[in-house]
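Below, each chain spelled out in residue letters.
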Amino acid sequence: MSPTLVLLLTFLAVTLLLLGGGSLAYHVYLRPRMLVRDRLRAEFETEGDAARLFREANRFGGDGEHLLARVSQRLERLIEQSGLPLTKQKLLGLSCGAAVAGLLVPQLLSLGWLVAIAAGVVGLVSPLLYVLSRRNARIQKLRRQLPDAFEMMSRTVRVGQTTTAAMQLIADEFDAPIADEFRLCYQQQELGVSADVALRNMASRNGIMELQIFVMGLLVQNRSGGNLAELLDKLGTIVRNRARLQAKVKTLTSEGRMQAAVLMALPICALLALLVIAPDYVSVLLDRPWLLCGIVVAEIVAAVWIRSIVKFEA
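To start, this report covers the structure provided alongside it.

Cut-offs used in this document
- Residues numbered from 1 in each chain as written.
- Predicted model: local features only at pLDDT ≥ 70, side-chain atom pairs only at ≥ 80, totals over all residues.
- Heavy atoms only, no water.
- Helix = DSSP H or I, 4+ residues; strand = E, 2+ residues; numbered from the N terminus.
- Phe/Tyr/Trp six-rings, centres within 6.5 Å; stacked < 30°, edge-to-face > 60°.
- Buried < 20%, exposed > 50% of the residue type's maximum accessible area, 1.4 Å probe, protein only.
- Salt bridge = Lys/Arg side-chain N within 4 Å of Asp/Glu carboxyl O.
- Contact = heavy atoms within 4.5 Å.

### Comments concerning unusual backbone geometry
Peptide bonds are mostly trans, and most non-glycine residues show a negative phi.
Okay, step 1: Looking along the chain, the bond that leaves A176 and enters P177 is cis, with omega of 10°.
Okay, step 2: In this fold, P177 is placed in the loop between α6 (163-173) and α7 (178-190).

Okay, structure coming up:
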């Protein structure tokens, strides 16, 4: 047996062993949490007819356009969660304009087609990455506001006010984004939408597990009764504990995330430096674009893998 075949079989064996260990760890430790999250997501993905009156969504007719419809709805939901005054058409227009600019500018500066393609790809995804960053920042701020909002709602309910009045108080006293979300939910109920549909719409619109748990608790309390003030106090405590645990995990993994960022940026910085210092040395690599494509794919896979390792949901 040739040494190359032995190395290949060893590599495949180690890869299968790692995949098997990862699958076992997923089913033992992570699958119960994923089932809870999927249960909440399935509960709030279906919206009532009244909730659709307050959403601007294009409808596609035909099985062939089902995938396009899902992508359009995901993009619309992403823009809505970011809180930016954008539409799908504006975002696509910005992406196309940035991609064209990225393709033309390097060509005008005679930097080569490879640089032009890279700049075009960066320009194409830059608006979407900006929307993603704004969406993540908005969701994090909303999560930080939830415990105080739950405590204020608990105090409001204890003095004899209704849940709708408590939502109106949150909308008046708090800052965005939680004020905007509760104000929209309150306005929908004022316009005749049932409380269940308005609450489900709010949970589906944001996709935050803490807010989905809050809505689920309200729906159960509306049907079966119970102490709503105590429920809100416990929800506030749970959200605070989750935030504290996530902050602790983020602190413990900060060194690893920094090392990963440095290791991922090192090949790119080295390539750019060699292009300036010794372009003849790098020309061997530039003459083989398939190697560069392999490097880019490896960098993307490494980024996704590292993110899946350090990402934690309490």
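### What about the packing of aromatic side chains?
Okay, step 1: Following the criterion strictly, the structure yields 2 aromatic pairs and no others.
Okay, step 2: Look at F182 and F214: their rings are 6.1 Å apart centre to centre, the planes differ by 45°, and that puts the pair in the tilted class. Of this pair, F182 sits in helix α7 while F214 sits in helix α9 (residues 209-224), placing them 32 residues apart in sequence. Neither residue differs from the other here; F182 and F214 are each classed as buried.
Okay, step 3: Site record: aromatic cluster; members linked through ring pairs are F150, F182 and F214.

### Details of the pattern of salt bridges
Okay, step 1: Summed over all chains, the structure comprises 11 salt bridges.
Okay, step 2: Among the ionic pairs, D148 bridges to R240, the shortest N-O distance being 2.7 Å. Here D148, found in helix α5 (residues 113-158), pairs with R240, found in helix α10 (residues 228-252); they are 92 residues apart in sequence, far enough to count as distant.
Okay, step 3: Since its relative accessible area comes to 36%, D148 is described here as partly exposed.

### Comments concerning the environment of K141
Okay, step 1: Counting through the fold element by element, K141 comes out in helix α5.
Okay, step 2: Under the relative-accessibility criterion, K141 is labelled partly exposed at 36%.
Okay, step 3: Separated by 37 residues in the primary sequence, K141 and I178 place their C-alpha atoms 8.5 Å from one another.
Okay, step 4: Residues within four places of K141 in sequence aside, it is in contact with A176 and P177.

Function cannot be read off these values alone, since they describe shape.
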